[in-house]
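# Fold and contact review
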Amino acid sequence: MPQETYFISTKLEMGFIKSKQNKLLAGNWCIDNLESFKTNNGLKTLKNVWSNKIEKKKDYKYLQTLSLNYSKKLSNYLNQLHGSKYSKRFWEFLILSWLTIYLPSYYFRWKLLKKSLNRKKKINFYDLKFEEDDFTILDTYDFHHKITSNEYFNYYVFRKVFNHLGKKNKNLLLKKKNFVISKDKLKSFDNKRFKLNTFVKKIFNFIFSLIYKKNKIFIEKAVFRIKDNLKINLLLNQTPTCFYDIFEGGFGNKILYKNKKKDLRLRKKIDFQVSNQDEFVRFVDENIREDMPICFIEGFKDILKYTKMIKLKPKVILSSYYHYFNELFKVWCASLLEIKMSKILIVSHGGGGFLKYPSCLNFEYEISDKKINWYKSKVKNETQLPASKFLTRRNFDKTKEFITYVEGPVHPFPNRIGDSMIGHENLSLYKNFIELFNSLNKDIKETIIFLPKQEYKIRTTFHLKKYLSSHQIKKSNMFNFYNRKSKLNILTYPETAFCESLLSSPTILLYEKEIWEFKKQFKGIYKELLRNKILFHDPKKAAKHLNEISSDINKWWNSKIIKRSVSKFLNEICFTSNNSINIWVSSLKKELN
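The rules behind each value
- Residues numbered from 1 in each chain as written.
- Predicted model: local features only at pLDDT ≥ 70, side-chain atom pairs only at ≥ 80, totals over all residues.
- Heavy atoms only, no water.
- Axes fitted to C-alpha atoms, helices over the stretch in contact; angles between N-to-C directions.
- Helix = DSSP H or I, 4+ residues; strand = E, 2+ residues; numbered from the N terminus.
- Parallel < 35°, antiparallel > 145°, perpendicular 65-115°, else oblique.
- Left-handed = near helix turned anticlockwise from the far one by under 90°.
- Contact = heavy atoms within 4.5 Å.
- Pairing = 2+ DSSP bridges.
- Buried < 20%, exposed > 50% of the residue type's maximum accessible area, 1.4 Å probe, protein only.
- Expected span 1.5 Å × (residues − 1).
- Polar contact = N/O pair within 3.5 Å; in protein donor to acceptor, adjacent residues only side chain to side chain.
- Salt bridge = Lys/Arg side-chain N within 4 Å of Asp/Glu carboxyl O.
- Phe/Tyr/Trp six-rings, centres within 6.5 Å; stacked < 30°, edge-to-face > 60°.
- Lys NZ or Arg CZ within 6 Å of the ring centre and 35° of its normal.
- pLDDT = per-residue confidence, 0-100.
- Core = buried A, V, L, I, M, F, W, Y, C linked by side-chain atoms within 4.5 Å.

Here the focus is the packing of helix α6 (residues 151-166) against helix α10 (residues 279-291). Where α6 meets α10, the axes come as close as 11 Å, and the angle between the chain directions of the two elements is 130°. Of the possible angle classes, the one that applies to α6 and α10 is oblique. Of the two possible hands of crossing, α6 and α10 adopt the one that is right-handed. Across from Lys160, Val161, His164 and Leu165 in α6, the residues of α10 making contact are Glu279, Phe283, Glu286, Asn287 and Asp291.

And the structure:
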């Protein structure tokens with residue numbers, strides 16, 4: 001009798017499997033570290049379905065189209081449900097940011113399970129006990145947070161897909177296991193900074209609404225650094241919003257809906273036509289009413305009511321983060337757009353907009369009146385202004401001590417589609433670092449420090465202790481601090497930190513070729529960075545270059561050819577100016593006309 005194969009979706013199920021049983025892992029997030037590969041027999045791991053460029057390109061277009069289709073379909077559904085007549089744009093402003101995470105998250109898992117059917121005849125999946133209500137999603141960020149980092153929620157999503165596919169495929173078998181997923185494993189993200197009760201918040205926000213009432217331009221406090229926000233608002237003759245802007249940060253005021261319960265009777269009150277054309281769409285149609293966050297259904301009217309207390313009626317709204325996850329801001333903003341009281345300008349919140357596949361599926365273009373980018377754009381209603389995070393230069397230490405290696409961000413579980421790394425794909429970052437480190441001269445090795453990106457709890461540093469001393473491995477997310485002390489930075493991802501590093505220090509960019517891809521219009525810059533040894537895809541070549549320039553790094557960095565390449569990159573992709581504040585003020589004033 002052939003040995004059974006078990007599909008493992010998360011580390012949660014690994015403990016139930018006997019060592020000799022065949023295991024088909026959904027991804028390398030199912031293991032703890034490199035050593036797990038050596039100690040597990042019968043272990044096979046499915047590849048990242050979007051590591052193939054052709055596959056990613058096809059799926060990116062498919063999911064873009066799908067997100068727009070569902071924004072239209074859900075707009076009609078939500079209007080019927082709430083007895084309202086809001087425009088499609090109103091609902092798009094609320095739900096598109098969620099759809100661009102929800103649809104890719106489910107589609108990735110869908111494709112993994114479909115591919116597993118091509119590999120094996122029969123696949124077993126553990127059926128664990130849980131309460132459906134425990135998996136209720138509060139808002140957009142709650143879904144993003146759980147699908148990115150919570151293995152219990154990821155098990156639930158995989159099981160839902162497995163259960164659907166298993167209805168028509170006898171080779172997919174659910175195996176009951178006496179294990180209960182407890183509610184405390186699924187706690188929603190809680191913004192601990194805001195613990196005031198709702199009544200006090202209402203009074204507090206009402207007072208600030210009156211203070212900001214005369215502001216013709218609302219500037220979300222996260223758009224600029226504090227001193228830049230102060231300068232720009234004062235030059236616009238406005239009250240600065242840098243310390244408090246009513247909406248309580250990127251995640252907003254969850255008190256308005258955090259205690260609401262999912263009402264399935266209400267959600268199913270309105271029919272949602274199920275498609276017969278596409279199997280994945282049929283799956284989404286059957287589940288999306290139950291999956292929608294509380295904030296769009298049970299909590300919507302409370303959020304809408306709360307926005308009536310916000311007396312701000314600006315002509316222009318400037319947003320960089322809040323349109324993603326702040327549900328109160330989204331309803332307030334959408335309400336003003338609905339009555340044509342305001343227009344919304346969306347500002348790049350980071351330096352990765354020049355990449356070919358933005359992870360947000362370009363939804364910002366759909367909801368904004370104008371998109372303000374750090375990079376040059378040929379798209380209608382998009383414009384380039386000085387990079388909002390770098391309007392004024394920071395002071396740096398004169399004494400430069402370190403060569404700093406900066407680990408890139410990695411998500412434990414797949415969520416959005418785009419240029420990123422998932423699970424233990426950061427082991428390739430680890431391997432790249434070791435190859436680089438082993439090829440460096442001894443004197444350079446002693447000056448190297450490693451900055452981990454550990455907000456996602458993936459232990460790259462676990463593997464580094466036999467190469468680096470404890471004082472060379474720093475705390476996570478410390479780039480801003482050590483950038484001031486670094487004589488050269490080695491970045492492993494071409495996003496905001498790379499842009500900031502180019503503005504302040506000699507910099508090398510090192511990453512695997514297939515992971516990050518420049519847009520077509522920036523391919524010339526990509527080739528120039530490669531040619532001038534600022535960008536490397538081979539750690540040994542990067543080490544050879546570093547050995548050659550280590551005696552005088554500044555001589556290399558200040559050479560005409562390097563300065564020209566860096567200047568070209570910054571002008572095209574991360575524009576800055578000595579007159580950045582005035583350029584912004586002038587541009588914003590024109591928006592009032």
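That was the structure; now back to the text.
An order of β3-β2-β1-β4-β5 is seen for the 5 strands of this open sheet, with the pairing classed as parallel. The two strands at the open ends of the sheet, each matched to only one other strand, are β3 (43-45) and β5 (172-180). With strand direction ignored, the average angle separating the axes of adjacent strands in the sheet is 30°. Sheet topology note: the strand β2 (residues 22-25)/β3 ladder contains 3 bridges and is parallel. Residue pairing for β3: Leu24 is matched across the bridge by Lys44.

By the secondary structure assignment, Ser97 is in helix α4 (residues 88-119). On the basis of relative accessibility, which here comes to 1%, the residue Ser97 falls in the buried class. Each residue touching Ser97, except ones within four places of it in the same chain, is listed here: Thr140, His323, Tyr324, Lys330 and Phe363.

Looking now at helix α3 (residues 53-82). An α-helical turn contains 3.6 residues, so a residue and the one three or four places further along point in the same direction. Compared with an ideal rise of 1.5 Å per residue, which puts 30 residues at 44 Å, α3 spans 42 Å between its outermost C-alpha atoms and is within 8% of the ideal. Backbone nitrogen of Ile54 and a side-chain oxygen of the N-cap are separated by 3.0 Å at the start of α3; the cap is Asn52. One or two steps after α3, the chain reaches Gly83, where phi turns positive at roughly 65°.

Next up on the list: unusual backbone geometry. Trans peptide bonds make up the majority, and among non-glycine residues the majority have a negative phi. The backbone of Glu248 shows a phi angle near 65°, a positive value even though the residue is not glycine. Within the secondary structure, Glu248 is located in the loop between α8 (226-235) and α9 (264-267). Take Glu248: its relative accessible area is 2%, and that puts it in the buried class.

So, about the pattern of salt bridges. This model, assessed by the stated rule, comprises 25 salt bridges. Salt-bridge contacts for Glu327 lead to Lys330; the nearest nitrogen and oxygen are separated by 3.1 Å. Of this pair, Glu327 and Lys330 are both found in helix α13 (residues 327-338), 3 residues apart, which corresponds to roughly one turn of the helix. The burial state of Glu327 is the same as that of Lys330; both residues are buried. Via salt bridges that share partners, Glu55, Lys58, Asp59 and Lys111 belong to a single interconnected network.

Quick look at the pairing of strand β9 (residues 370-373) now. The pairing of strand β8 (residues 343-347) with β9 spans 3 bridges and is classified as parallel. When the sheet's bridge partners are listed, Val347 is paired in β9 with Ile372. Bridge count for β9 against strand β10 (residues 382-384) is 3 bridges, and the pairing is parallel. Looking at the pairing, Lys371 lines up with Glu382 of β10.

Here we take up the packing of aromatic side chains. A full pass over the atoms with the stated rule returns 59 aromatic pairs. With 5.7 Å between their ring centres and 90° between their planes, Tyr77 and Phe272 make a pair best called edge-to-face. With Tyr77 in helix α3 and Phe272 in the loop between α9 and α10, this pair connects stretches of sequence that are 195 residues apart. For Tyr77, a relative accessible area of 2% corresponds to the buried category. Between Tyr106 and Phe283 the ring centres are 5.7 Å apart and the planes differ by 50°, which places this aromatic pair in the tilted class. Note that Tyr106 is positioned in helix α4 and Phe283 in helix α10, a separation of 177 residues in sequence. Comparing Tyr106 with Phe283 shows no difference in burial state: the two are buried. Of note, Lys445 hangs over the ring of Phe437, and the distance from its end group to the ring centre comes to 5.4 Å.

Looking now at the confidence of the model for the chain. The pLDDT averaged across the chain works out to 87; a share of 89% of its residues lies at or above 70. In this model residues 191-196 is a low-confidence stretch, pLDDT under 50, and it forms 10 contacts with partners more than four residues away in sequence or in other chains.

Ranked by size, the top nonpolar core spans 111 residues in total, and within it Leu94, Ile288 and Trp332 carry the most contacts. Residue contributions to this core peak at 17 residues, all from α4. When residues no more than four places from it in sequence are discounted, the contact partners of Ile288 are Tyr70, Leu74, Trp98, Leu99, Tyr102 and Phe272. Counting 62 residues, the second-largest nonpolar core is a separate cluster that includes Val406, Leu488, Leu510 and Ile515.

Here we take up the sheet that holds β9. If you trace the 5 strands from one edge of the open sheet to the other, you get β6-β7-β8-β9-β10, paired in parallel fashion. The outermost strands of the open sheet, each flanked by one partner alone, are β6 (217-219) and β10. On average, each strand axis in the sheet is tilted by 20° relative to the strand beside it, whichever way the strands run. Contacting β6, β7 (316-319), β8 and β9, helix α23 (residues 580-591) crosses the sheet at an angle of about 155° to β8.

What follows concerns the environment of Ile346. One can find Ile346 in strand β8. When its relative accessible area of 0% is taken as the criterion, Ile346 is described as buried. Separated by 123 residues in sequence, Ile346 and Val223 place their C-alpha atoms 9.4 Å apart. Non-local contacts of Ile346, meaning those with residues more than four positions away in its chain, are made with Ser319, His323, Glu364, Ile367, Ser368, Lys370, Lys371 and Ile372.

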